[in-house]
Amino acid sequence: MWIPFIHMAPHSRPNLILLLAAGLLLASCKDTKIISYRVPKEPVANAGATPLSAPAPVANTNDLPPAGQGSPAPVAPANDALPPGHPAIEGMPAPGDAGTAMASASVPTAASQPLVWTAPAGWTPKNASAMRKGSYSISGPEGEGDVSITAFPGDVGGNLANVNRWRGQLQLPPVQDVTTAVQPLEANGLHLLVFEGANQGTRMIGVIVPHSDATWFFKLTGPDALIAREKPAFLDFLKTVRAP
Amino acid sequence: MRPLLKSFLHFFTSLRLTVVLLVLSLLLVFFATLAQVNLGIWAVQTKYFRSLFVTAQLPGTELFVPVFPGGYLIGGLLLLNLGAAHVSRLRLSWAKSGLWLTHFGLILLLLGELFTGLWQKESMMRLDQGETKAYSESSRQIELAVIDTTDPKFDDVVAIPTAALEQLGTIQHPKLPFRIHTTTYHQNSLLQMRRQVPNVPPSPADQGFGPQLVVTPLPLTYKQDEQNMPTAVLELAGADGPLGTWLVSPLLTEPQSVTVQGHTYQLLMRPTRHYYPFSVTLLKFSHDRYPGTDIPKNFSSRVRLRTPDASVDREVLIYMNNPLRYGGLAFYQAGFEPNDRTTILQVVQNPSWLLPYISCVLMFLGLVIQFAIHLTRFIRKRTAVAAAAATA
């Protein structure tokens, strides 16, 4: 039997393996094959490249500072030149984000039934993130305070769990009874529960607002003195929160 | 045996080769794991495991040189090593049947990974509640779909992979009454409205959305949560001359139209679609949480599987680790949208998916048999010794 291997010098054996595996290489080449097919028309709502059509940025009036308060308005994407209904081009999230991986499964934010509010003039709006419905910073000689507004579907574990979560953030021990830990507050038909805590120079005012099938959280945190001074303004701000 | 053949066999049957290859594969896994930081999992798989050699660019040149054996080379040599050792050393006998089975299982496992690398296709099917789809979409590959929408009931699609556009040539397809010439192609890019970017040269495109947009090429991204957004500038020319220049990108989700010879064609760059001879409807997506918390407990999608001739029409519950298997495809619960009404199913086509299971069973059986053979031999020997001692 003729065996090709024996005619090769020992040092050229890897070349032989290369040859043997050339087929594998070919198989992994980039596919440039053009195909054609006929498919039934899709319903209009379903047309277009769904996974890449990231949702158009939701118009959130809360991100715009109230008119007449002097803060510069965020620049809205000028997409009026595109056809109606086309998502904004600039700042569009990467389509890889389209669809939440299971890893981030615990942070879906509530989308239905928004709330609106009017922020005090002295607060500086920050960009709302995927998690935050609204975000402001408050500056003072004592440092910087942060206002975050978030919303999640359901009751997010219940009031006690939320209060104890905040207490944990302040490194305070958990409480057993939520009623003694929060103050109720009524605003525009909404039932607010206000929690306040301070520890080691940090103060937090957290507000739980059940609304529709979601729970909204308004949270003010920062240096103790700044937050104590800002508290009346924050309580006034809470009274502006309403369902549109 | 001739000496060269003998040395060749000796090389490939040596246990030393096995050890060297196993050490190399350990190192390969180690370096590939580190490389994931910069390259992401997909690029690492291609570069380190589904290649013959891991290559590196010579500084200052465009030349890539092999620096380490890749997964295919190490795996292939291991396979050769195992096969050669078997043929030359192990005789086919009952006494060795356990070893044969174990090694055969191992060979099958190696082959299974090779076939998976070559044949496995993964894509995504994203369904809103109540939505029906007969196709899935690639999460990494993009195509240019030229869709003849003239027929009121059907769309005639010519799907051109971006790899074909990348070559910047002219594409002429028998189903299209025009040629498509790609003048510019960026593998990753950013689109901005022209008026937001002052002082840029005029757009090469003169049709569709192109004239209003500015393209900025971006470096390729390897991050897992980002996707490359290609952009191409296409010149279309029919029998009667040029039809215009279009800018296409998956960032443009609305199609752009061109009418030629009474037919309307839509140009749409989109994730590559794979159509199937059946449809899947999402009946309900459930996102169960542990009581009193927001911690996810279970995700499931109740879907309806249907073929056009209604020979198959059934409801299936897809949940974690419990995929729907149909028509050579597996539909896994892979993700969802924050609205809790949209499910994302991963569609995996892998003709060799059973091989790892079979090989594991074979290896298990082989080891059990081998152990049993040794055990019985040992017991027999001991009884013989005991009997001899008793009679002595």
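Note that the coordinates shown come from a computational prediction; the quantities given were computed from them, not determined experimentally.

### Points about the overall build of chain A
Okay, so step 1: A tally of regular secondary structure across chain A gives four helices and nine strands.
Okay, so step 2: Shown N-terminal to C-terminal, the secondary structure of chain A runs as helices and strands in the order α-α-β-β-β-β-β-α-β-β-β-β-α.
Okay, so step 3: Here chain A holds 244 residues, and the buried ones make up 39% of them.
Okay, so step 4: Partitioning the contacts of chain A with sequence separation of at least 6, the portion at a separation of at least 24 is 54%.
Okay, so step 5: Carbon and sulfur atoms make up 60% of the accessible area of chain A, which totals about 12,900 Å².

### Overview of the side chain of E131(B)
Residues and elements named next belong to chain B.
Okay, so step 1: Along the chain, E131 falls in the loop between β3 (121–128) and β4 (132–148).
Okay, so step 2: K133 provides the closest opposite charge to the buried, salt-bridge-free E131, at an N-O distance of 4.2 Å.
Okay, so step 3: Of the polar contacts made by the side chain of E131, one reaches the backbone nitrogen of D128; its length is 2.8 Å.

### Quick notes on the sheet that holds strand β3 (residues 124–125) of chain A
All names here are of chain A.
Okay, so step 1: The antiparallel open sheet is built from seven strands, whose spatial order is β3-β4-β5-β9-β8-β7-β6. Taken across any chain shown, the strands that pair with only one partner, and hence form the sheet edges, are β3 and β6 (182–187).
Okay, so step 2: Strand direction decides the pairing type here: β3 and strand β4 (residues 132–140), joined by two bridges, are antiparallel. Along β4, the bridge assignment pairs T124 with S137.

### Section: a nonpolar patch on the surface
Okay, so step 1: On the surface, a cluster of nonpolar side chains totalling about 650 Å² of accessible area is made up of L15(B), V19(B), V23(B), L27(B), F30(B), F31(B) and L34(B).
Okay, so step 2: Here L27(B) shows up in helix α2 (residues 15–49).

### Let's talk about the packing of aromatic side chains
Aromatic ring pairs are described here by two measures, namely the spacing of the ring centres and the angle between the planes.
Okay, so step 1: For the structure on display, the rule yields 23 aromatic pairs over all chains.
Okay, so step 2: Relative to F68(B), the ring of F31(B) has its centre 6.4 Å away and its plane inclined at 70 degrees; by these criteria the two rings are edge-to-face. In this pair, F31(B) is assigned in helix α2 and F68(B) in strand β2 (residues 64–69), connecting sequence segments 37 residues apart.
Okay, so step 3: Between Y135(B) and Y275(B) the ring centres are 5.1 Å apart and the planes differ by 50 degrees, which places this aromatic pair in the tilted class. Remark: Y275(B) occurs in strand β13 (residues 263–289) and Y135(B) occurs in strand β4; sequence separation between them is 140 residues.
Okay, so step 4: Looking at Y275(B), the relative accessible area reads 28%, which means it is partly exposed.
Okay, so step 5: Among the aromatic residues, those joined into a cluster by ring pairs are W117(A), W123(A), Y136(A), W216(A), F218(A), F234(A) and F237(A).
Okay, so step 6: R165(A) extends its terminal NZ or CZ atom over the ring of F217(A), reaching a point 5.4 Å from the ring centre.
Okay, so step 7: A cation sits over an aromatic face here: R325(B) above W353(B), 3.6 Å from the ring centre.

### What to know about the nonpolar core
Soluble globular proteins: nonpolar side chains tend toward being buried together.
All names here are of chain A.
Okay, so step 1: Core analysis: the largest hydrophobic core is formed by 26 residues, its most contacted members being W117, W216, F218 and F234.
Okay, so step 2: Broken down by element, this core gets its largest block of residues, five residues, from helix α4 (residues 224–238).
Okay, so step 3: Not counting chain neighbours up to four residues away, the residues in contact with W216 comprise Q113, P114, L115, W117, K133, I149, T150, A151, V207, I208, V209 and H211.

### Re helix α6 (residues 355–391) of chain B
Okay, so step 1: Compared with an ideal rise of 1.5 Å per residue, which puts 37 residues at 54 Å, α6(B) spans 53 Å between its outermost C-alpha atoms and is within 8% of the ideal.
Okay, so step 2: Every buried residue belonging to α6(B) is among L355(B), S359(B), L362(B), M363(B), G366(B), Q370(B) and I373(B), and all of these are buried.

### So, the pairing of β6(A)
All names here are of chain A.
Okay, so step 1: Across six bridges, the pairing between β6 and strand β7 (residues 190–199) is antiparallel. The partner of A187 across the bridge, within β7, is L190.
Okay, so step 2: The hairpin formed by β6 and β7 contains two residues between the paired strands, and N188 there has a positive phi angle of roughly 50 degrees.

### Describing the sheet that holds strand β6 (residues 170–172) of chain B
All names here are of chain B.
Okay, so step 1: Spatially, β6-β7-β10-β11 is the arrangement adopted by the four strands of the open sheet, whose pairing is antiparallel. Two strands close off the open sheet at either side, each with one partner strand: β6 and β11 (241–248). In this sheet, adjacent strand axes meet at a mean angle of 25 degrees when their direction is disregarded.
Okay, so step 2: Two elements, β6 and strand β7 (residues 178–186), share three bridges in a ladder whose sense is antiparallel. Directly across from T170, in β7, lies its bridge partner H181.

### Regarding the side chain of T307(B)
Residues and elements named next belong to chain B.
Okay, so step 1: For T307, the location among the structural elements is in the loop between β14 (296–306) and β15 (313–319).
Okay, so step 2: Assessed through its relative accessible area of 11%, T307 is described here as buried.
Okay, so step 3: Looking at T307, its side chain comes within polar contact range of the side chain of D309, at 2.8 Å.
Okay, so step 4: At a separation of 3.2 Å, a polar atom in the side chain of T307 contacts the side chain of S311.

### A short note on helix α1 (residues 3–13) of chain B
All names here are of chain B.
Okay, so step 1: Among the residues of α1, those classed as buried are L5, F8, F12 and T13. Viewed end-on, α1 has its buried residues packed into an arc of 120 degrees, placing them on one side of the element. Seen from the open side of α1, the exposed residues pointing more than 90 degrees away from its buried face are P3, K6 and H10.

### Observations concerning unusual backbone geometry
Working note: non-glycine residues mostly have negative phi, and peptide bonds are mostly trans.
Residues and elements named next belong to chain A.
Okay, so step 1: In this structure, N188 is a non-glycine residue whose phi angle is positive, near 50 degrees.
Okay, so step 2: Mapped onto the fold, N188 is located in the loop between β6 and β7.
Okay, so step 3: What makes N188 partly exposed here is its relative accessible area of 47%.

### Examining the pairing of β15(B)
Residue and element names in this part refer to chain B.
Okay, so step 1: Of the pairings in the sheet, the one linking β14 to β15 comprises seven bridges and is antiparallel in character. Counted as the bridge partner of R304 is E315 from β15.
Okay, so step 2: The turn joining β14 and β15, which pair antiparallel and follow one another in sequence, is formed by six residues; a positive phi near 60 degrees is taken by A310.

### Some thoughts on the pattern of salt bridges
Residues and elements named next belong to chain A.
Okay, so step 1: Applying the stated criterion across every chain, the model contains 15 salt bridges over all chains.
Okay, so step 2: The salt bridge involving D146 is made with K126; its shortest N-O contact spans 2.7 Å. Note that D146 is positioned in strand β5 (residues 143–153) and K126 in the loop between β3 and β4, a separation of 20 residues in sequence.
Okay, so step 3: Take D146: its relative accessible area is 17%, and that puts it in the buried class.
Okay, so step 4: Classification of K126 as partly exposed rests on a relative accessible area of 33%.
Okay, so step 5: Linked through salt bridges whose partners overlap, the residues forming this network are E196, R203, D224 and K231.

Conventions and cut-offs
Residues numbered from 1 in each chain as written. Chains lettered and ligands numbered in written order. Predicted model: local features only at pLDDT ≥ 70, side-chain atom pairs only at ≥ 80, totals over all residues. Heavy atoms only, no water. Helix = DSSP H or I, 4+ residues; strand = E, 2+ residues; numbered from the N terminus. Buried < 20%, exposed > 50% of the residue type's maximum accessible area, 1.4 Å probe, protein only. Contact = heavy atoms within 4.5 Å. Areas by Shrake-Rupley, 256 points an atom, 1.4 Å probe, with all protein chains shown as cover. Lys, Arg positive; Asp, Glu negative; His and termini not counted. Salt bridge = Lys/Arg side-chain N within 4 Å of Asp/Glu carboxyl O. Polar contact = N/O pair within 3.5 Å; in protein donor to acceptor, adjacent residues only side chain to side chain. Pairing = 2+ DSSP bridges. Patch = residues over 30% accessible without salt bridge, like charges linked within 9 Å, V, L, I, M, F, W, Y side chains within 5 Å. Phe/Tyr/Trp six-rings, centres within 6.5 Å; stacked < 30°, edge-to-face > 60°. Lys NZ or Arg CZ within 6 Å of the ring centre and 35° of its normal. Core = buried A, V, L, I, M, F, W, Y, C linked by side-chain atoms within 4.5 Å. Expected span 1.5 Å × (residues − 1). Axes fitted to C-alpha atoms, helices over the stretch in contact; angles between N-to-C directions. Arc of directions from axis to C-beta.

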